[in-house]
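Coordinates in review
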Amino acid sequence: MGDNRLTRRLSRRLLFTAGAGAIGVTVLGSCSSGPSTPSSSPQSAAPEPSAPAAGGAVAGDWRQVDMSYVSAYILVRGKEAAIVDLGTPGSDAAIAEGLKAAGSSWSAVKHIVLTHQHEDHVGGLAAVAPKVKATIYAGVMDLASIISEKPLKGVAEGDEVFGMRIIDTPGHTLGHISVYEPSTRILVAGDALRNAGGLVGSDPQYTTDESKANDTVRKLAAMDIMAVLPGHGGPVTVGAAKALKELAAGLPA
Ligand SMILES: [Zn+2]
């Protein structure tokens, strides 16, 4: 099936942090000094709320598979696992390592959520699909643009997957979705948000509808969010709510 040499080369190249949650947290130092500095924020000594993480996880029970510039996220609960996004083609080796580090495996994966149609998030699908007996979900408006041998299930705002709530977050693409875990207030944001030395919105260069993308940031800022796990850049597990509100406040009306 796979070219072993290639697989080995990829595994070596891919920085994998699922077993070292500390890396994900370290990246975050910069997010409190984010892009905007509104004078209205009180400079109190109140500690920034931070999201707790289990061993090896970056927030809650979520593990990050950091494939140098794009991430997939794995959530293992009991004997079942869910994966959000699958990276570029060839990412399956890194995701397999992430599952292993979480004490899981492909056979446990019952849910795969694709946040949007772009290649760096769905590229791993062709290789991963034959390895799993999972329902594969994507936003209704992006379905037609995702090439898949297996049927995809369209989801939208309010749908539940594995105890997580689907949030419509259009703009980056029209069918872009994010995943929100109410029990931990963790948001897996795809490309609706990025961490680029601080929390920012969808990269304008790749955004289908900028006005919708801004509306999405405002919508997310109004939610109760403890941590943001973005597709690009490290997880924001400290001061995420504040960073989101500052980001939203700096957007054009
Ligand atoms: Zn992306």
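Throughout what follows, the structure given in this document is the object of discussion. (Residues numbered from 1 in each chain as written. Predicted model: local features only at pLDDT ≥ 70, side-chain atom pairs only at ≥ 80, totals over all residues.)

Structural notes on the environment of Pro170
Threshold: The numbering of helices and of strands both runs from the N terminus, where a helix is a DSSP run of H or I of at least 4 residues and a strand a run of E of at least 2. Exposure classification rests on a simple neighbour count of other C-beta atoms within 10 Å of a residue's own: a residue reaching 20 or more is buried, one at 12 or fewer is exposed, and one in between is partly exposed. C-beta atoms are placed from the backbone. Contact criterion: two residues are in contact if their C-beta atoms, reconstructed from the backbone, are within 7 Å.
In this structure, Pro170 sits in the loop between strand 8 (164-168) and strand 9 (177-181). The class of Pro170 is buried, set by 22 C-beta atoms lying within 10 Å. Counting along the chain gives 38 residues from Pro170 to Thr208, while the straight-line C-alpha distance between them is 8.8 Å. The contacts of Pro170, once residues within four sequence positions are left out, are Gly175, His176, Asp209, Lys212 and Thr216.

Observations concerning the nonpolar core
What tends to happen in soluble globular proteins is that the nonpolar side chains get buried as a cluster. Going by this rule: Only buried Ala, Val, Leu, Ile, Met, Phe, Trp, Tyr and Cys residues enter a nonpolar core, and they are joined through C-beta atoms within 7 Å.
One finds Ile74, Ile83, Val228 and Leu229 to be the most contacted residues of the largest nonpolar core, which totals 63 residues. The element contributing the most residues to this core is strand 2 (residues 70-77), with 6 residues. Setting aside residues up to four positions removed in sequence, Leu229 forms contacts with Val58, Ala59, Trp62, Gln64, Tyr73, Ile186, Leu187, Val188, Ala189 and Pro235.

Focus: the sheet that holds strand 6 (residues 153-155)
Quick reminder of the rule: Here, any two strands with at least 2 DSSP bridges between them count as paired. With axes taken as lines fitted to C-alpha atoms, and helix axes fitted only over the stretch in contact, angles between N-to-C directions fall between 0 and 180 degrees.
Taken together, 6 strands build an open sheet; the order of strands is 1-2-3-4-5-6 and the sheet is mixed. Only two strands of the sheet have a single neighbouring strand rather than two, namely strand 1 (62-67) and strand 6. Between one strand axis and the next, the sheet turns by 25° as a mean value, whatever way the strands run. Note that strand 5 (residues 135-139) and strand 6 share 3 bridges and pair parallel. Residue Tyr137 lies in a different strand from strand 6, and its bridge partner there is Lys153. Seen against the sheet, helix 3 (residues 92-101) touches strand 1, strand 2 and strand 3 (80-84) and runs at an angle of roughly 150° to strand 1.

Quick notes on the packing of helix 6 (residues 210-221) against helix 7 (residues 240-249)
Under the convention used in this document: For any pair of crossing helices, the crossing counts as left-handed if the nearer helix is rotated counterclockwise from the farther one by less than a right angle, and right-handed if it is rotated clockwise. Charged means Asp, Glu, Lys or Arg here, nonpolar means Ala, Val, Leu, Ile, Met, Phe, Trp, Tyr, Cys or Pro, and polar covers whatever is left, Gly included.
Here helix 6 crosses helix 7 at 145°, and the two axes come no closer than 9 Å. Where helix 6 crosses over helix 7, the two elements pack in a sense that is left-handed. Within the contact between the two elements, helix 6 uses Val217, Arg218, Leu220 and Ala221 and helix 7 uses Leu244, Lys245, Leu247 and Ala248. Across the contact of helix 6 with helix 7, the residue classes break down as 6 nonpolar, no polar and 2 charged.

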